[in-house]
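Structural overview for review
Spelled out, the chains give:
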Amino acid sequence: KRISEPVRKPLVWIGFVVLFALINPWYFPAGSWSPLVFGVPYWALIILLASLALSIFITWVVMTQWETGADEDEEL
Amino acid sequence: MEVELAFGGWSGILVLALYGGLMLAVGIYAFLRNRGVRESLDEYYLGGRGLGVMVLFFTFFATQYSGNTVVGYPPTAYRLGYQYLVSVPFFIMIIMVYLLFAPRLYALGRRFNLLTPVDWIDLRFRSKKVTILAAILMLYGLGNYLLEQFVAIGQGVSGLTGGTIPYQVGVVFFIVIMVAYSWLGGMRSVAYTDTIQGIALLFGVLTLLIGSLIYLGGLPTAAETMIAEAPQKLGAPTGGSLTTWFCLLVLVGIGAAIYPHAFQRIFAARSERTLKRSFIRMAYMPFLTAGVVFMVGIIGISAFPDLTTAESEQLVGMMANALANQNAFFYWAMVLLFGGVIAAIVSTADSVLLTFSSIISNDLYGRYIAPNAEESRKILVGKLVGVAAVIVLVLIAWYPPGTLYQIFVLKFEVLIQTAPALILGLYWSRLNTQAVFIGMLAGTVLAAAFTFAGLRPLGVYSGLWGLLLNLVLCVGGSLVSQVTEAHRQRAIEVIGWQR
């Protein structure tokens, strides 16, 4: 059987650390908000996009990096 | 300042009565479909490990998003502005943290028939004191969480009906219904009602957002108000706000993922594929819930400017009231919204109560008091202790103690101290039982002391200071202590489950 756990994959950890850094707003000039996009400060939109990227990353991890075959164990 | 709700009174009572009746009917349906539910711990507490994708997804969803998400988050966004956007990524972090332990935990749950988080700790460490300490911390945290939900039910029902239903009557009505359907059908009842409650919550918040955008001005209007009156609400976080943002991501990400009632749902999945598909759906829900209620709070800044902190707590009521006055559609939509809020609170409370009872049934009574008892008897004891705890908590909710009230505030801070044992124990065969016990105890004491003293050194939350000390003692103690080959072999037998 092919056994795969996200926690053992370097690529998962690299992606997680990078995206975790991006969903923290440390890289914007303090207190800045201009330009506004549809009434939303630019930095908030970037944080939302980074959050969406994290959701997509989670989807990728679940679909491709997680296969423990736990149910097959039960059937054997 | 009390908001006079345009849709209070009898229409509110009608919706709540219908909602209560529907929940009870679902409980009876779950019981009639599976009369053996009282005979098996697996069947009663985990739905026979057979929850399908949609039911599993909605039970995760309704358990994770409580009534406070709808009623409490918009006022916070109103006061903090875009600084509170952190509420979207912190819900996504919960799912990310799940991915670090759920795959292995699910596999171990299948292999060893694990029923509760404490079950896993007992299997891994084979230590009475670690098991009992973890059980006490979880029961304590869950009890306080339940107390918070009971207070919210009373306030919600009383607020929705404009005081027509008194606080106490609202609490008793919904708690009796909740206990009845949980008693009858166990996890299946809770999961089926969670599905209805989750749909009600989603409908409510989306309608509130659409109505707010149409009638109360959109985000550009709110931005103009903030530029004129409070530009700091638009600005990127600085200094202490950045620390708070980081702490919330870590604290909520880890804390909510290891909530015992959320943790236990991993064991209830029908298959690994079911669990995976539920998690994928959960990864996008923060945008539809936390994101939506955040926008509602921001729109409130221009719709109801200059509210004091106390007044802003009523923001959702004010906005719903303004929308209910527009036309018949929004009148009933707002009635359903508040039904959805009560539903969200009840759906969190029922999950907490079920897990509370399961720890009593399986981990305390079933393991140490009467290990040879029939499973039906273990279930009955768990139910009875659960009901007794509910009665005590209701009395505390009605007559809050004048002193020592802070002991009822601790929940996240305490529950997160079980994280090293729960998560590190899955992967590290060298993890030392004694170090786990000392770390868990010291972390709890430090977190409680900082909370009671109101201390937040460097702006970091007390629960995280406790977790840091806990981890240092846990990891440091394991590295410096002697580990016997027998100990390692036993750990590898448990966690090295792959063939």
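Our subject is the structure that appears above.
Below you will find a few notes about this structure. Owing to the predicted nature of the structure, the values given are computational and were not obtained by experimental measurement.

What counts, and at which threshold
Residues numbered from 1 in each chain as written. Chains lettered and ligands numbered in written order. Predicted model: local features only at pLDDT ≥ 70, side-chain atom pairs only at ≥ 80, totals over all residues. Heavy atoms only, no water. Helix = DSSP H or I, 4+ residues; strand = E, 2+ residues; numbered from the N terminus. Buried < 20%, exposed > 50% of the residue type's maximum accessible area, 1.4 Å probe, protein only. Contact = heavy atoms within 4.5 Å. Areas by Shrake-Rupley, 256 points an atom, 1.4 Å probe, with all protein chains shown as cover. Axes fitted to C-alpha atoms, helices over the stretch in contact; angles between N-to-C directions. Parallel < 35°, antiparallel > 145°, perpendicular 65-115°, else oblique. Left-handed = near helix turned anticlockwise from the far one by under 90°. Nonpolar A, V, L, I, M, F, W, Y, C, P; charged D, E, K, R; others polar. Phe/Tyr/Trp six-rings, centres within 6.5 Å; stacked < 30°, edge-to-face > 60°. Lys NZ or Arg CZ within 6 Å of the ring centre and 35° of its normal. Core = buried A, V, L, I, M, F, W, Y, C linked by side-chain atoms within 4.5 Å. Salt bridge = Lys/Arg side-chain N within 4 Å of Asp/Glu carboxyl O. Buried area = accessible area lost by both parts, 1.4 Å probe. Polar contact = N/O pair within 3.5 Å; in protein donor to acceptor, adjacent residues only side chain to side chain.

1. Thoughts on the overall build of chain A
In terms of regular secondary structure, chain A is built from three helices and two strands. Going from N to C terminus, chain A has its helices and strands arranged as α-β-β-α-α. Out of the 76 residues in chain A, the part that is buried amounts to 49%. Restricting to contacts in chain A with at least 6 residues of sequence separation, those with at least 24 account for 61%. Of the accessible surface of chain A, which amounts to about 3,900 Å², a share of 73% is contributed by carbon and sulfur atoms.

2. Things to note about the packing of helix α1 (residues 10-22) of chain A against helix α6 (residues 87-112) of chain B
Taken N-terminus to C-terminus, the directions of α1 of chain A and α6 of chain B make an angle of 160°; their axes are 12 Å apart at the nearest point. The orientation of α1 of chain A with respect to α6 of chain B, classified from their angle, is roughly antiparallel. Between α1 of chain A and α6 of chain B the crossing geometry is left-handed. Residues Val 12, Trp 13, Phe 16 and Phe 20 of chain A of α1 of chain A lie in contact with α6 of chain B, whose contacting residues are Met 93, Met 96 and Leu 100 of chain B. The class makeup of the residues in the contact of α1 of chain A with α6 of chain B is seven nonpolar, no polar and no charged.

3. A word on the packing of aromatic side chains
Residue and element names in this part refer to chain B. Under the counting rule described, the total for this entry stands at 32 aromatic pairs over all chains. Here the aromatic rings of Tyr 82 and Phe 294 are separated by 5.5 Å at their centres, their planes lie at 70°, and the arrangement is edge-to-face. Linking Tyr 82 in the loop between α5 (73-80) and α6 with Phe 294 in helix α15 (residues 290-303), this pair joins segments that are 212 residues apart in sequence. Taken as a pair, Tyr 82 and Phe 294 share a single burial class, namely buried. A cation sits over an aromatic face here: Lys 129 above Phe 437, 5.0 Å from the ring centre. Against the face of Tyr 78 rests Lys 233, its NZ or CZ located 5.2 Å from the ring centre.

4. Some remarks on the nonpolar core
Core analysis: the biggest nonpolar cluster contains 197 residues, and Tyr 82, Tyr 98, Phe 101, Trp 120, Phe 150, Ile 266 and Phe 279 of chain B have the highest contact counts within it. Filtering out sequence-adjacent residues up to four positions away, Phe 101 of chain B remains in contact with Ala 257, Ile 258, Phe 263, Ile 266, Ile 423, Leu 426 and Tyr 427 of chain B.

5. Topic: the pattern of salt bridges
Residue and element names in this part refer to chain B. Going through the model one piece at a time under the given rule, you end up with seven salt bridges over all chains. One salt bridge in this structure joins Asp 42 and Arg 49, with 2.9 Å as the shortest N-O distance. Arg 367 is paired through a salt bridge with Asp 363; the nearest N and O atoms lie 2.7 Å apart. Taken as a pair, Arg 367 and Asp 363 lie in helix α18 (residues 328-369) at a separation of four residues, close to a single helical turn. Arg 367 sits in the partly exposed class, given a relative accessible area of 22%. Beyond isolated ion pairs, a larger network of salt bridges with shared partners links Asp 119, Asp 122, Asp 363 and Arg 367.

6. Details of the interface of chain B and chain A
In many analyses, interface size is given as the accessible surface area lost on bringing the parts together. On the chain A side, the residues contacting the 46 residues of chain B number 48 residues. Summed over both partners, the interface of chain B with chain A buries about 4,100 Å², with 73% contributed by carbon and sulfur atoms. Our count for the chain B to chain A interface comes out at one salt bridge. Across the pair Arg 104 of chain B and Glu 5 of chain A runs a salt bridge, and its minimum N-O distance is 2.8 Å. At the boundary of chain B and chain A, one finds 11 residue pairs in polar contact (both at pLDDT 80 or more). Those elements that place two or more of their residues in the side of chain B that touches chain A are α6, α10 (219-229), α11 (239-257) and α13 (272-282) of chain B. Top element by residues in the side of chain B that touches chain A is α6 of chain B. It accounts for 14 residues. The residue makeup of the side of chain B that touches chain A, split by class, is 35 nonpolar, five polar and six charged.

Shape is all these values report; function is a separate question.
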